[in-house]
Structure formats: structure tokens, C-alpha cells
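# Chain and residue survey
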Amino acid sequence: MSKQYKIAALAGDGIGPEVMREAVKVLRAVEKKHGLSLEITEAPVGWAGIDAAGKALPDATLELCRRSDAVLFGSVGLPDRDPTIPKEERPERAALLRLRKEFGLFANLRPVVLSKALAHACPLQPERQGDGIDILVVRELTGGMYFGRPKTIEDLEGGGKRAIDSMVYTTAEIERIAHVGFRAARLRRKKLTSIDKANVLENGVLWRDVVTRVGKEYPDVQLEHMFVDNGAMQLVLKPTQFDVMLCENMFGDILSDEAAALAGSLGMLPSASLGQTTGEKTFGVYEPAGGTAPDIAGKNLANPIAQIASAGLMLQYSFGETAAATAVQDAIAKTIAAGLRTGDIFSSQDAKARKVGTSEMGDAIAAAIGA
Ligand code: IPM
Ligand code: MG
């Protein structure tokens, strides 16, 4: 009997459907090759959810996620659509942030890898790229300014308004994400850079204290603290100094986009959002770190690699299918090495590069799995 896994595939908006199609293609190839049985059920989310069922996260979609072993998520949010819909009901908050909170997905892992083959796509000079960039951004995902209360815009007497977002972290929230960071560093190059703003924010002071204390349990991991502004600068000056970057929610959002640009494109950056492991199972939502890219949606231009690599992370973290997960990574690497490039990672200076569309890239990666 092959091992069975239930996957909810929520493609969402913009480029979501076309990159999801390629990820499913690759999963089907993996399924055959590695003797798995994947039950993949699609459901609407985002504006697609609003159009289908009047809600960014329709009840049936949420139910499907609850019944699934993992969620493969595309992207949601179209800034130009219907400005009359209240912000609480818009896809970013009502679908994405809601899913993160609903399933307690406090740990967001974003692996940023610039391979030699993609050196041309990196905006940094070759000498700053060293032997390649390999960073894991560990981002706290259910706390901080995204969720802290009060969160409001209020009218001021005498005109004008006041906006409030509250940055809130508890010891326990910092501890659990710190453990995720240190455990990940242990499996890598054993260095953890903790990002904060302890010189200005009380949150930074607590963050630094707690991470330092948790770090004592991991004497084999080198711990370093860095202010976020310096971290942003160091990323472009000397990205090779980083192994694991541990960040609170907002800093991780910002620095992971910056780091992704170093890896050639946001279209290369997958992510895993994980909750507490219960028994043997780790439920997770797997999604590209990039957005819906409405300007290129439906044109077969989007890079499907972030979505495909996210499916690979799902095989790894939620299903523990290491061989299958490695096969996805290898197939992506092989396809890149063969010179296939979507527009975002294409460089005319690279003699080997050949520009392809979304579906051709997916076909090639699926074929590399089967080979
Ligand atoms: C991300 C995205 C989201 C975030 C948006 C779409 C709400 O930028 O996953 O990084 O800010 O977390
Ligand atoms: Mg972001």
C-alpha cells in the first residue's frame, strides 16, 4: 500500500492558478516515481473565494483545510479590486492571516538559495556572492504588529485621525520560535543571527533576552544579535555571513523579500508555515513568499519555481518524505542548470540561458523527476 496524503490546493488569485498547475504537475510526477498516493483537492480562496462563495476564506475551503494533512497555497490579494470591501474582509487579512492564526502557524521558514547557475540573476557583484548564498529566514508568523491589539484608525477631536498598530510578544511566543531557529541551525552551518531593534523597542529587549536564554540550550550553535537596520545592510554587503536569520513577524516579512532578491527573484522563494507538531504530524501551509503579480497573471510568464519548491517543503516537513522532497529540489536544480529561465531570472549575459514560459518550466521540472 502506498502512503496516502490529503492535500488542499488553494490557488487563489493572480498568478496563483498558473503556478499551482505546475506544482500539481510536479507532485503527480513525484507520486508515480516515489510510490505515494496524493489526494489533491482544489478549493477557492482570496478573490476567487469571494467570487465563488462571498468570502475570502469560504467555510467549505476552511473545512477542507481541516480535513487535510497539509495546504498548498498559491497567493491572494488584488490591490486594485473593489476598494469598497472593508479591509478586514479582504483576502490578505481574511484568508491568509486568518489561516495562519486559525492553525497556529507560528513558524515561517523561507530558504533563500542562490546557486552558482543563477549568479547572473543576483543583483550583487560576483565577489559579494562568495560561493553562493544559502540563508534560512525563520520568521515568527502569528505575533507582533500583524496581530497585536489595539489595531485601529480612530478619529481625533478637531480633525485628523490616529492609526495604531501594537507590537506585542510574550516570552512563550519568542521561546517557541527561537527553538525552531536553533534546531534548524543545528541541521545547517550552526550559526544563528537574531534580528531585533533592542536599542529602541521594548519588544527588541525582550526578544534579545529570551533568545539569549534559549540559546544556552544550544551551545553548539553560534548565536549573534543584530539590529534590523544593520541586518538589512549586511544582507547586501555580505550575505554569505548568514546561516539562519531569526526574525519577528514584520522584520521577517521585510528581510525575506530583500533576501529573495539576492536569490535572483521573489519567484524562487518558497515557504513553509508550521504549527506545533502533534504526535507524528506537522500540519503546514506551503506557499511562495511572493504575491499575486497581477501585471503578469494569465500570461504564462510567472516563475512557478517558488510554488513547486513549496510543494517540496510540504513533502519534507508535513509528510517526512525526504527522498521525494530531495527529488523535487534536485529536479529544480537540474532544470536551472540546463539553462531554462522564466523572465524574472533570465539574463542575456548568460550564454546558456533560454527563456521559457510558466508551463514549459513546470513540464521540464516534472520530466526531471521522472527521469
Ligand atoms: C508574505 C506576504 C504577506 C505578509 C501579505 C500578503 C499579507 O507579504 O507572506 O510575506 O505580509 O505576511
Ligand atoms: Mg511579504
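Residues numbered from 1 in each chain as written. Chains lettered and ligands numbered in written order. Predicted model: local features only at pLDDT ≥ 70, side-chain atom pairs only at ≥ 80, totals over all residues. Heavy atoms only, no water.

## Considering a nonpolar patch on the surface
The cut-off we apply is this: For patch building, the residue pool is restricted to those with more than 30% relative accessible area and no salt bridge; the joining distance is 9 Å between like charges and 5 Å between nonpolar side chains (Val, Leu, Ile, Met, Phe, Trp, Tyr). In these tables, accessible area is a Shrake-Rupley quantity obtained with a 1.4 Å probe, and a residue counts as shielded only by the protein chains included in the view. We count a salt bridge whenever a side-chain nitrogen from Lys or Arg sits within 4 Å of a carboxyl oxygen from Asp or Glu. Helix numbering and strand numbering both begin at the N terminus, where a helix is a DSSP run of H or I of at least 4 residues and a strand a DSSP run of E of at least 2. Accessible area is worked out with a 1.4 Å probe on protein chains only. A residue is then buried under 20% of its type maximum, exposed over 50%, and partly exposed in between.
A surface patch of nonpolar side chains, amounting to about 230 Å² of accessible area, comprises M233, V236 and L237. Looking at the secondary structure, you find M233 in helix 8 (residues 228-237). Here M233 falls in the partly exposed class, since its relative accessible area comes to 43%.

## Topic: the site of ligand 1
So the rule is basically this: Neighbouring residues are identified by heavy atoms, a residue being near a molecule or strand if any of them is within 4 Å of it. By the criterion applied in these results, polar contacts are pairs of N or O atoms within 3.5 Å in which, for protein atoms, one can donate a hydrogen and the other can accept it, and in which residues neighboring in sequence qualify only through two side-chain atoms. In this analysis a 1.4 Å probe is tested at points of a 1 Å grid over the protein atoms alone, and where it fits but cannot get out there is a cavity; an open set with protein on both sides within 12 Å along at least five of seven lines is a pocket; lining residues have an atom within 4 Å of a point. The rule for placing a molecule in a cavity or pocket is simple: more than half of its atoms must lie within 2 Å of the grid points. Polarity classes work like this: nonpolar for Ala, Val, Leu, Ile, Met, Phe, Trp, Tyr, Cys and Pro, charged for Asp, Glu, Lys and Arg, and polar for all others, with Gly in that last group.
In the vicinity of ligand 1, the contacting residues are L96, R100, R110, R139, Y146 and D253. Between an oxygen atom of ligand 1 and a side-chain N or O atom of R139, the distance comes to 2.9 Å. In this structure, an oxygen atom belonging to ligand 1 sits 2.9 Å away from a side-chain N or O atom of D253. A total of 320 Å² of accessible area belongs to ligand 1 in isolation, and the protein chains cover 76% of it. More than half of the atoms belonging to ligand 1 lie within 2 Å of the grid points that define the second largest pocket. Class assignment for the residues of the shell around ligand 1 results in 2 nonpolar, no polar and 4 charged.

## Quick look at the sheet that holds strand 4 (residues 107-114)
Under the convention used in this document: In this description, strands pair whenever DSSP reports at least two bridges between them. Structural elements are reduced to axes, namely lines fitted to C-alpha atoms, with helices fitted over the stretch in contact, and the angle between N-to-C directions of any two is expressed from 0 to 180 degrees. We call two residues in contact whenever any of their non-hydrogen atoms come within 4.5 Å of each other.
What the 10 strands build is an open sheet, ordered 2-1-3-12-11-4-5-10-8-9; its pairing is mixed. Across the chains shown, the open sheet's two edge strands, defined by having one partner strand only, are strand 2 (36-42) and strand 9 (222-227). With strand direction ignored, the average angle separating the axes of adjacent strands in the sheet is 25°. Bridge count for strand 8 (residues 191-196) against strand 10 (residues 244-247) is 3 bridges, and the pairing is parallel. Within strand 10, the position partnered with T193 by the bridge is M245. Sheet strands in contact with helix 8 are strand 5 (133-140), strand 8, strand 9 and strand 10, and its direction is about 105° off that of strand 9.

## Regarding the layout of surface pockets
Heads up, the rule is: Grid points are joined across faces, edges and corners, and a volume is the space filled by probe spheres set on the points. Boundary definitions for the domains trace back to an automatic or database domain assignment.
Taken as a whole, the largest pocket spans an internal volume of roughly 1,200 Å³. If you trace the largest pocket, you find 41 residues lining it, with P111, L136, L313, Y317 and Q329 closest to the centre. Examining the composition of the lining of the largest pocket, we find that 9 residues originate from one element, helix 11 (residues 322-337), more than from any other. Summarising the domain contributions, the lining of the largest pocket has at least three residues from each of domain 1 (1-109 + 264-371) and domain 2 (123-143 + 171-262). Approximately 550 Å³ is the volume found for the second largest pocket. Mapped by element, the contributors of at least two residues to the lining of the second largest pocket are strand 3 (70-75), helix 4 (91-102), helix 9 (249-262) and strand 12 (284-288). At 5 residues, the largest contribution of residues to the lining of the second largest pocket is made by helix 4. The residue makeup of the lining of the second largest pocket includes at least three contributed by each of domain 1 (1-109 + 264-371) and domain 2 (123-143 + 171-262).

## Quick word on empty space enclosed by the protein
Left-over empty space is what a probe sized like a water molecule reveals as it rolls over the atoms. Scanning the model with the defined rule gives 1 cavity of 30 Å³ or more in all. Taken as a whole, the largest cavity encloses approximately 40 Å³ of empty space. Per-element tally for the lining of the largest cavity: the top contributor is helix 7 (residues 202-215), with 3 residues. Of the residues assigned to the lining of the largest cavity, the class counts are 5 nonpolar, 2 polar and 3 charged.

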